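A closer look at the structure
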Amino acid sequence: MTADQLKELQDRLAGLRRYLDVDRRLLEIEDKEQQTMNPNFWDDPKRAEAIQKEIKSHKKWVAAFQELETTIEDLEVVYEFLKEGEGTEAEVDDRFANATAALEDLEFRSTLNKQKDELSAILEINAGAGGTEANDWAEMLQRMYIMWAERKGYKISELNRQDGDVAGIKSCALEIDGDFAYGLLKGENGVHRLVRISPYNSQGKRMTSFASVFVHPMIDDRIEVEVNPADLDWDTFRSSGAGGQHVNKTESAVRVRHLPSGIVVECQQERSQHMNREKALQMLKSRLYERELERQMAEKDKVEAGKMKNEWGAQIRSYVLDDRRVKDHRTNYQTSQTDAVLDGDLDEFLKAFLMNGPVEGKA
């Protein structure tokens, strides 16, 4: 390690402190902890829980920054010892490598510092035109995201599923429950393209299939969204997925349409119609929350909002199996490990998008 490399680490640390707004977070922690000392703090339980979650979130970011700060300060001490003839270059280089890795990790996590980034996610997959081939591709994507979520230790629930006529799925909705699920997955919005020798084509032709992915934040009690019951139109129907005799005999699945916005949500996760109504309402509120965020973004910066909407509707990634290549067209990141990607190894794609964003000139 050189003095210039150490200086670069120190500069990046200072920049990260500003980006994470550590000083403001420290003041927020002090202020909100004072509020918890009020004897009437728990008179409004929802508000009290929201404040405690805010404190926890601020403390988490401050603790992560302070841990990194200590690591770099320790590196500085060891480097000074080396200049005085104590210690070894190997020890300094080892500590430098560890500090650099820790800094890069926190820089990546710092891209998820918005309130909605910390939420769980609803991930929807819809097969494109193409019948069985597209339906099979949609189910392959579903498996890929489930395996990615399992690696992260997230809880996965299938909220809705419409099977294909022959194989695969026409559509599905998954709840991926865990911290930062939405923040990590938000860049997956868009069209995913598969190119392969089709197992459904007797002539062994190379086929192209498409499926769209939409990711929404699953709001929790930190975020209040008011919905007028008079604006809701409810339907019930029989669940179409697996579930034994029960789902064939009772109309436990629900569909709700929000009349002012036209948003439609379905849920058939639970055997109880009442529980499905609760989950469907939560999903609807999540969609309305996201729409409001988009509206605010559009008012703040119409040009950038337009770019984002175009990205969501564009082809974002190609999976070309016979060429052993998966490429993200926004960041130009690619890998030849197609099997690993389809088995849920998505982190490098997610990191490339969150750290760098779309490459100039790309959709």
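Let me begin by describing the structure that accompanies this report. (Residues numbered from 1 in each chain as written. Predicted model: local features only at pLDDT ≥ 70, side-chain atom pairs only at ≥ 80, totals over all residues. Heavy atoms only, no water.)

Some points on the sheet that holds strand 6 (residues 232–237)
- Ordered by their spatial adjacency, three strands build an open sheet running 6-7-8, and the pairing between neighbours is antiparallel. At either end of the open sheet lies a strand with only one pairing partner, and these are strand 6 and strand 8 (263–267). Along the sheet, successive strands turn relative to each other by an average axial angle of 15°, direction set aside.
- As paired strands, strand 6 and strand 7 (residues 253–258) are joined by six bridges and run antiparallel to one another. Residue pairing for strand 7: Leu232 is matched across the bridge by His258. (Pairing = 2+ DSSP bridges. Helix = DSSP H or I, 4+ residues; strand = E, 2+ residues; numbered from the N terminus. Axes fitted to C-alpha atoms, helices over the stretch in contact; angles between N-to-C directions.)

Looking at the packing of aromatic side chains
- Scanning the entire structure with this criterion turns up five aromatic pairs.
- Relative to Tyr319, the ring of Trp137 has its centre 4.9 Å away and its plane inclined at 65°; by these criteria the two rings are edge-to-face. Residue Trp137 is located in helix 5 (residues 132–151), and its partner Tyr319 is located in strand 9 (residues 315–320); the two are separated by 182 residues in the primary sequence.
- Looking at Trp137, the relative accessible area reads 0%, which means it is buried. (Phe/Tyr/Trp six-rings, centres within 6.5 Å; stacked < 30°, edge-to-face > 60°. Buried < 20%, exposed > 50% of the residue type's maximum accessible area, 1.4 Å probe, protein only.)

Description of unusual backbone geometry
- With a phi angle near 55°, Asp21 is a residue other than glycine that sits in the positive phi range.
- On the secondary structure map, Asp21 appears in the loop between helix 1 (3–20) and helix 2 (22–36).
- Of note, the phi angle at Arg324 is positive, near 55°, even though the residue is not glycine.

Quick word on helix 5
- Between its first and last C-alpha, helix 5 extends 29 Å over 20 residues, near the 28 Å set by a 1.5 Å rise per residue.
- Positive phi appears at Gly153, one or two residues downstream of helix 5, with a value of about 80°. (Expected span 1.5 Å × (residues − 1).)

A word on the pairing of strand 3 (residues 169–177)
- Within strand 3, seven of the nine residues are buried, which leaves it mostly tucked inside the rest of the structure.
- Bridging between strand 2 (residues 155–163) and strand 3 involves eight bridges; their strand directions are antiparallel. Residue Lys155 lies in a different strand from strand 3, and its bridge partner there is Asp177.

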